[in-house]
Amino acid sequence: MTAIGKVSLRDTVLQRGHSRERSRLLVFNHTVLLLLTAFAVIPLLVLAFNSVKTNFEIGQNPLGPPVNIVSENFPNAWERGNFATTMGNSIIYVVATIAAELVFGGLAAYALARKKPPGSDLLMLYFLVASTIPLWMYIVPLFVQINALKRIGIDARFLLIMVYVAGSAPLTIFLLRSYMIDLPTELEDAARVDGANEFQVLTRIVLPLTKPGFLTVGLVVGLGVWNEFLLALTFIHDPNQFPVTTSFYKFVDRFDRDWALTSAGAIIIIFPVMVLFLALQRQFIEGLAEGGIKT
Amino acid sequence: MAVLSQKKPTTVFEKLNDETWRRKFLRNVVIPWIFIAPLLLIHIYVVAIPAVQGVYMSLTDWKGVGMNVNYVGLENYRELFFEDETFGKALGNNVAWMIFFLTVPFIMALFCATQLAQVKRGGMLYRSILFIPYVLASVVTTTIWKNLLNPQKGIGAAMDNILGLENTFGVAYLGRPESALMSIAFIDNWHFWGFLMILFLAAMQSIPPVLYDAAKIDGANRWQEFRHVTLPGIRPILVFMFMMVAIWSFLAFDYIFLLTQGGPGGASEVIATQLYKNAFFRFQAGYGAAQGVVISIFAGFIILIFVTVKRRGWDI
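Residues numbered from 1 in each chain as written. Chains lettered and ligands numbered in written order. Predicted model: local features only at pLDDT ≥ 70, side-chain atom pairs only at ≥ 80, totals over all residues. Heavy atoms only, no water.

(A) Fine view of the overall build of chain A. A tally of helices and strands in chain A yields 16 helices and zero strands. For 295 residues, the compact-globule formula gives about 19 Å, and the C-alpha radius of gyration of chain A, at 25 Å, lies well above that figure. Principal-axis analysis of the C-alpha atoms places the extent of chain A at approximately 80 × 75 × 35 Å. Summed over all atoms, the accessible surface of chain A reaches about 13,900 Å², with 65% contributed by carbon and sulfur. Here chain A holds 23 positive side-chain charges and 21 negative ones, and the gap between their average locations is 5 Å. (Helix = DSSP H or I, 4+ residues; strand = E, 2+ residues; numbered from the N terminus. Rg over C-alpha atoms; globule rule 2.2 N^0.38 Å. Areas by Shrake-Rupley, 256 points an atom, 1.4 Å probe, with all protein chains shown as cover. Lys, Arg positive; Asp, Glu negative; His and termini not counted. Charge placed at Lys NZ, Arg CZ, Asp CG, Glu CD.)

Written out as structure tokens, the structure reads:
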């Protein structure tokens, strides 16, 4: 009834014949949007152009499309930027952080959404308050703590991953818990009647049904770790353990004038992100929007 | 009588002896907490304990190395607010940063989302492209813009060339004290505003279309439509993002550190870049910790303002 009412109301408004005004509006809309799109894209285009020029050509033509396309910047940058090692490191950081976050976060969120053990409310309050504590409040003592652990021989990479996992813990808990609370409990009860234990209920019933939540958390956390700079700069000092970001920072410092090389390096860093983004646009955008609000 | 024989165990001792109670306790208390424990312990170790230590450290003159730690009370804070002129400058820069980010990206995002909400064909494409800068790493974004703002080879130089001018637009925006901070803010905003736009767009799309139709029938023009339908419709997220951006403004670090390290001559220094240098380059860990506490107090203060205003039932 209401739906029909809505449609007919819309129709009468549209029938009033604002079609010329509408199309003029659309022209305005698209002009604004195209200008803003250009603002977003042109810097990236210039980067892509410069990554396939020689430095000589960049000197004469630093902004325009390339006249001669060369590809040697990429292997050069790969080699001199030590990307084989740092890409591997970044992949380790990303994969390990996502894995730990999803396993530990999934377990905790399930317990908080379904079992609500005594103390749950207090725990949620803890994470709520903790999520407002800026990194700057604890980075100096954390540095001391992490250094002490490094000195007794614990791998710095492991420690950085631990810091990443902790950093996104509140977001993970809030997001996954809200996904799980929305789930009807009948299926889980049915599984329990059939003799499933808590762990089986979680892995066989809850997990498959809350996959979108896990995908969201995985994307948000993974992108955050891939792009992360400050913590990696603070806690990783061995160049062989650098992720792409801090390694690229030093690389740009060293080859400051070699735009061809640094542009190619930048393309190498954003390439995996762009591929994933183009493949999973909707999940990316909605996930990051959701994640950004919850943090 | 049957009821009596099945009476629930009441004392701890009875409870522990009761098989069903034990199983229930295990299932409803022990196992859930075992599930929660790993993440909670990691979080306490990485965040909670160092946060408390940070407060204590801020009351000492610890250098960050060695064993020499003296309790100095509020001395670090006194120095920050009454002696250290560079801190006053940094705080001022944080405020300027906040004013920039509470206006420019919000205006851009609101304006763009309003246009995008009216477009049916190509809407998804615009949305995706406009979001791309947000997924790029800060090290990449800063490299791109460092080149684009280069005085000899950047956009400014190209404009001078076209207009037949010399050194008018082609100046070192990042290297001059008067433009460094706002140039960094501009670059950070290039990366950030699309995110805000997506949030506003999602909120706008959930406003019932009937409201717009009603406004049209009442003869509202586009500004009135925006002012009386769109803005109230997205108010919760708008207000929330005002709070978040205000908080983030006091945490700003990456773009400033990457582009100028706070230079030239402290012109783009903010509290976080100062803190980083004090704690990790200048052996003033106690002083840096105090700056961290100050940042947190500012962030807490902003949250407090918003919570109080909401409690008071103000219509925001």
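(B) Seen up close, the pattern of salt bridges. Residues and elements named next belong to chain B. Taken as a whole, this structure holds 10 salt bridges over all chains when the rule is applied. Taking the shortest distance from any N to any O, the salt bridge between Arg78 and Glu83 comes out at 3.0 Å. For Glu83, a relative accessible area of 47% puts it in the partly exposed group. Beyond isolated ion pairs, a larger network of salt bridges with shared partners links Glu19, Arg22 and Arg23. (Salt bridge = Lys/Arg side-chain N within 4 Å of Asp/Glu carboxyl O. Buried < 20%, exposed > 50% of the residue type's maximum accessible area, 1.4 Å probe, protein only.)

(C) Representation of the confidence of the model for chain B within the structure. In this model, chain B carries a mean pLDDT of 89, and residues with pLDDT of at least 70 account for 96%. Scored by ipTM, the complex comes to 0.90, with pTM at 0.90. (pLDDT = per-residue confidence, 0-100.)

(D) Fine view of the interface of chain B and chain A. If you look at the interface, chain B gives 93 residues, while chain A gives 96 residues. Buried surface at the junction of chain B and chain A, both sides included, amounts to about 8,600 Å², of which 78% is carbon and sulfur. Three residues, Phe35(B), Leu39(B) and Lys153(B), lead the burial of chain B against chain A; their summed loss comes to 9% of the area buried on that side. At the boundary of chain B and chain A, one finds zero salt bridges. Counting every contact that joins chain B to chain A gives 12 residue pairs in polar contact (both at pLDDT 80 or more). The element contributing the most residues to the side of chain B that touches chain A is helix α3 (residues 19-57) of chain B, with 24 residues. (Contact = heavy atoms within 4.5 Å. Buried area = accessible area lost by both parts, 1.4 Å probe. Polar contact = N/O pair within 3.5 Å; in protein donor to acceptor, adjacent residues only side chain to side chain.)

(E) Highlighting a nonpolar patch on the surface. On the surface, a cluster of nonpolar side chains totalling about 540 Å² of accessible area is made up of Ile155(B), Met159(B), Ile162(B), Leu163(B), Leu165(B) and Phe169(B). By the secondary structure assignment, Leu163(B) is in helix α8 (residues 155-163). (Patch = residues over 30% accessible without salt bridge, like charges linked within 9 Å, V, L, I, M, F, W, Y side chains within 5 Å.)

(F) Quick look at the nonpolar core. Formed by 186 residues in total, the largest nonpolar core has its most connected members in Trp136(A), Leu130(B), Met197(B) and Phe200(B). Among the elements that line this core, the one with the most residues is helix α9 (residues 180-205) of chain B, at 16 residues. When sequence neighbours within four positions are dropped, the list of residues in contact with Phe200(B) reads Phe106(B), Ala109(B), Leu110(B), Ala113(B), Ile234(B), Ile237(B) and Leu238(B). (Core = buried A, V, L, I, M, F, W, Y, C linked by side-chain atoms within 4.5 Å.)

(G) Region of interest: helix α9 (residues 169-181) of chain A. Helix length check: α9(A) (13 residues) gives 18 Å between terminal C-alpha atoms against 18 Å at 1.5 Å per residue, within 8%. Within the span of α9(A), buried status applies to Ala169(A), Pro170(A), Leu171(A), Thr172(A), Ile173(A), Phe174(A), Leu175(A), Leu176(A) and Met180(A). (Expected span 1.5 Å × (residues − 1).)

(H) Fine view of the environment of Thr260(B). Residue and element names in this part refer to chain B. Mapped onto the secondary structure, Thr260 falls in the loop between α13 (254-259) and α14 (271-280). Residue Thr260 is classed as buried on the basis of its relative accessible area, which comes to 15%. Sequence separation between Thr260 and Phe240 is 20 residues, and the spatial gap between their C-alpha atoms is 31 Å. Among residues more than four places away in sequence, those in contact with Thr260 are Leu174, Ile184 and Ser268. In terms of polar contacts, Thr260 uses its side chain to reach the side chain of Ser268, at 2.6 Å.

(I) Structural detail: the packing of aromatic side chains. What the rule picks out here adds up to 36 aromatic pairs over all chains. Each ring, one from Phe101(B) and one from Phe192(B), has its centre 6.2 Å from the other, and the planes form 65 degrees; the classification is edge-to-face. Separated by 91 residues along the polypeptide, Phe101(B) in helix α5 (residues 85-118) and Phe192(B) in helix α9 bring together distant segments of the chain. Comparing Phe101(B) with Phe192(B) shows no difference in burial state: the two are buried. Taken together, the ring pairs in this structure connect Trp136(A), Phe143(A), Phe229(A), Phe235(A), Tyr249(A), Phe253(B), Phe257(B), Tyr276(B), Phe280(B) and Phe281(B) into an aromatic cluster. Taking the ring centre of Trp259(A) as reference, the NZ or CZ of Lys153(B) above it sits at 4.1 Å. (Phe/Tyr/Trp six-rings, centres within 6.5 Å; stacked < 30°, edge-to-face > 60°. Lys NZ or Arg CZ within 6 Å of the ring centre and 35° of its normal.)

(J) Examining unusual backbone geometry more closely. The omega torsion of the bond from Gly263(B) to Pro264(B) falls at -10 degrees, within 30 degrees of zero and hence cis. Along the polypeptide, Pro264(B) turns up in the loop between α13 and α14. Phi at Asn82(A) is positive, roughly 60 degrees, even though this residue is not glycine. On the accessibility criterion, Asn82(A) (32% relative accessible area) is partly exposed. Residue Lys116(A) is not a glycine yet carries a positive backbone phi of 40 degrees. Mapped onto the elements, Lys116(A) comes out in the loop between α5 (83-115) and α6 (120-130). Under the relative-accessibility criterion, Lys116(A) is labelled exposed at 52%.

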